[in-house]
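# Coordinate inspection notes
Okay, here's what each chain looks like letter by letter:
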Amino acid sequence: MKHRLYPFILAGAAVIALGILGVRGLRGARAPEYSADVVAALGGSSTEGFARALTVRPFVFPADHAAHGEFQTEWWYNTGNLSTAEGRRFGIHFTIFRRALSPTMPKRDSEWATNQVYFADFALADVSANQFYVYERFSRSAAGLAGAEPDPAQGVRIWLEDWAIRGTDSQASGFHLKAGEGDIALDLTLRPTKPPALQGDRGLSLKSSIAGSASYYYSLTRNEAQGTITVKGETFVVSGTTWFDHEFSTSVLGENAVGWDWFSIQLDHGREVMFFTIRQKDGGVEPNSHGTLIEADGTTHELPLSAYTITPLGTWASERTGAVYPSGWRITIQTPTGDLLLEGTPLLLNQELNTTTAYWEGATRFTGTDGGVPVSGYGYVELTGYNRSPAQREYSRQ
């Protein structure tokens, strides 16, 4: 929906965020036994005074790459599958989130005053070494610590301290990603090869039948990436392909949602596809779940829920959270040129981010056929709501 869909801060997160407002920022917080509930964050808090995603709106770039502070929640999401010339493979996930604590700014004369809090997740999968690294940061949007603003020279600048997503010129025709913690880092330049794909109905992505239960959502689905990845102090020159999502909303999920499964896939013959299912308390799937097929020339086709099926092929159990995630998938997608049949295999089993929130976000290999012709590629899968505590899981069955 990533619709990342949204690894985010949560029922109790506003309390955490308010605590953050009293300090410069927090890094590397120890993960709790049960992380905060992502779903509650996107469906349960007060929305009074915030803008809602109700109707189709025009998108104007590069202006719409920046923040939309009138909405409660927003994120800028990057995933990618990269490799060295020798074939060492990496997966990267770098997302900056914005959360508004109130619809308006505090009325006090201080450079520290703000109603906006920023969060970021940075994860690196070192596939050959079977290692997965995860880091998070928090900061207020004040005193230059974090923000997402238009920039005359770079088009846009989205940052949290020295973690940043920046345009490469005044029109943001490319992007520069930079994040790191200790001896783990990435430094990438991205060149989009297709125009923004507007998800859902011209960028209005419905998540339930309730008015306003939607987001504004667009993607850059194939970005050529070059740069470096540093692992334990050793720097590797890498190239590959990334995916960029930008989504903003207020109380996006319906009251019966318990989690979602989200897929982004980049195939080697030039097609990409995004689709998701929102899981419901009764074991069913939200009928407004949907996706988009992006052709090699950038044209798009909407995919209703009836156009695709997702069948898990196995499971993986987290020792840290006790969550049992699906692991491996058989996928059928009806396209204008015939069925796209794929099987997805995670490059690492353990790609669980157990930070303030817990969710599985993993680099995945896909193989299969498109209209009967062999095809393969890489992508990312996001799984949320599987880490709920026993009390939360019991509630979800009521």
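Procedures and definitions
- Residues numbered from 1 in each chain as written.
- Predicted model: local features only at pLDDT ≥ 70, side-chain atom pairs only at ≥ 80, totals over all residues.
- Heavy atoms only, no water.
- Helix = DSSP H or I, 4+ residues; strand = E, 2+ residues; numbered from the N terminus.
- Areas by Shrake-Rupley, 256 points an atom, 1.4 Å probe, with all protein chains shown as cover.
- Buried < 20%, exposed > 50% of the residue type's maximum accessible area, 1.4 Å probe, protein only.
- Salt bridge = Lys/Arg side-chain N within 4 Å of Asp/Glu carboxyl O.
- Phe/Tyr/Trp six-rings, centres within 6.5 Å; stacked < 30°, edge-to-face > 60°.
- Lys NZ or Arg CZ within 6 Å of the ring centre and 35° of its normal.
- Pairing = 2+ DSSP bridges.
- Contact = heavy atoms within 4.5 Å.
- pLDDT = per-residue confidence, 0-100.

## Structural notes on the overall build of the protein chain
Per the secondary structure count, the protein chain includes three helices and 26 strands. Looking at the protein chain as shown, the accessible area adds up to about 15400 Å², and 51% of this sits on carbon and sulfur atoms.

## Focus: unusual backbone geometry
Here the amide bond leading from Phe-61 into Pro-62 is cis, since omega sits at 10 degrees, within 30 degrees of zero. Structurally, Pro-62 can be placed in the loop between α2 (38-43) and β2 (73-83). A positive phi angle is found at Ala-143, which is not glycine, with a value near 55 degrees. Tracing the backbone shows Ala-143 in the loop between β5 (131-140) and β6 (146-151). Here Ala-172, not a glycine, exhibits a phi torsion of approximately 50 degrees, which is positive. Using a relative accessible area of 6% as the deciding quantity, one classes Ala-172 as buried.

## Structural notes on the pattern of salt bridges
Per the counting criterion, the structure on display carries 15 salt bridges. Among the salt bridges present, the one from Arg-191 reaches Glu-224, with a minimum N-O distance of 2.8 Å. A residue pair is termed long-range when its members are at least 10 positions apart, and Arg-191 in strand β10 (residues 184-192) and Glu-224 in strand β13 (residues 214-231) qualify at 33 residues. Accessibility expressed as a relative area gives 44% for Arg-191, which makes it partly exposed.

## Re the packing of aromatic side chains
Enumeration over the complete set of coordinates arrives at 24 aromatic pairs. Arranged with centres 5.6 Å apart and planes meeting at 55 degrees, the rings of Tyr-325 and Tyr-386 form a pair that is tilted. Of this pair, Tyr-325 sits in strand β21 (residues 324-326) while Tyr-386 sits in the loop between β26 (373-383) and α3 (390-397), placing them 61 residues apart in sequence. Exposure class is identical for Tyr-325 and Tyr-386. Each is buried. Through a chain of ring-to-ring contacts, the aromatic side chains of Phe-59, Phe-61, Phe-71, Phe-175, Tyr-216, Tyr-218, Phe-244 and Phe-248 assemble into a single cluster. Across from the ring centre of Phe-59, 4.9 Å away, lies the NZ or CZ of Arg-57, which sits over that ring.

## Things to note about the pairing of strand β18 (residues 300-304)
Pairing of strand β17 (residues 290-294) with β18, which is carried by five bridges, proceeds in the antiparallel orientation. Bridge pairing in β18 places Leu-293 opposite His-301. The hairpin turn running from β17 into β18, its antiparallel successor, is five residues long, and Gly-298 in that turn takes a positive phi close to 95 degrees.

## A word on the environment of Gly-371
Its place among the elements puts Gly-371 in the loop between β25 (358-370) and β26. Residue Gly-371 is classed as partly exposed on the basis of its relative accessible area of 44%. If sequence neighbours within four positions are ignored, Gly-371 has contacts with Thr-337 and Asp-339.

## Things to note about the environment of Leu-303
Mapped onto the secondary structure, Leu-303 falls in strand β18. In the structure, Leu-303 is positioned 13 residues away from His-290 in sequence and 5.6 Å away in space, judged by C-alpha atoms. Once residues lying within four places of it in the same chain are set aside, the contact partners of Leu-303 are Val-273, Met-274, His-290, Gly-291, Thr-292, Leu-293, Tyr-308, Ile-333 and Gln-334.

## Concerning the pairing of β10
Side-chain alternation along β10 places Ile-184, Leu-186, Leu-188, Leu-190 and Pro-192 on a buried face and Ala-185, Asp-187, Thr-189 and Arg-191 on a face that remains uncovered. Bridge count between strand β9 (residues 175-181) and β10: seven bridges; the pairing is antiparallel. For Leu-177, the partnering residue across the bridge sits in β10 and is Leu-188. The hairpin turn running from β9 into β10, its antiparallel successor, is two residues long, and Gly-182 in that turn takes a positive phi close to 65 degrees. Sheet topology places β10 next to β13; nine bridges connect them, and they run antiparallel. Bridge pairing in β13 places Leu-186 opposite Ile-229.

## Focus: the confidence of the model for the protein chain
On average, residues of the protein chain score 88 in pLDDT, and 86% of them reach the 70 mark or higher. For residues 2-44, every residue scores under 50 in pLDDT, and the model assigns this stretch 142 contacts once sequence neighbours within four places are set aside. When the criterion is pLDDT under 50, residues 389-398 qualifies, and its contacts beyond four places in sequence or with other chains add up to 11 contacts.

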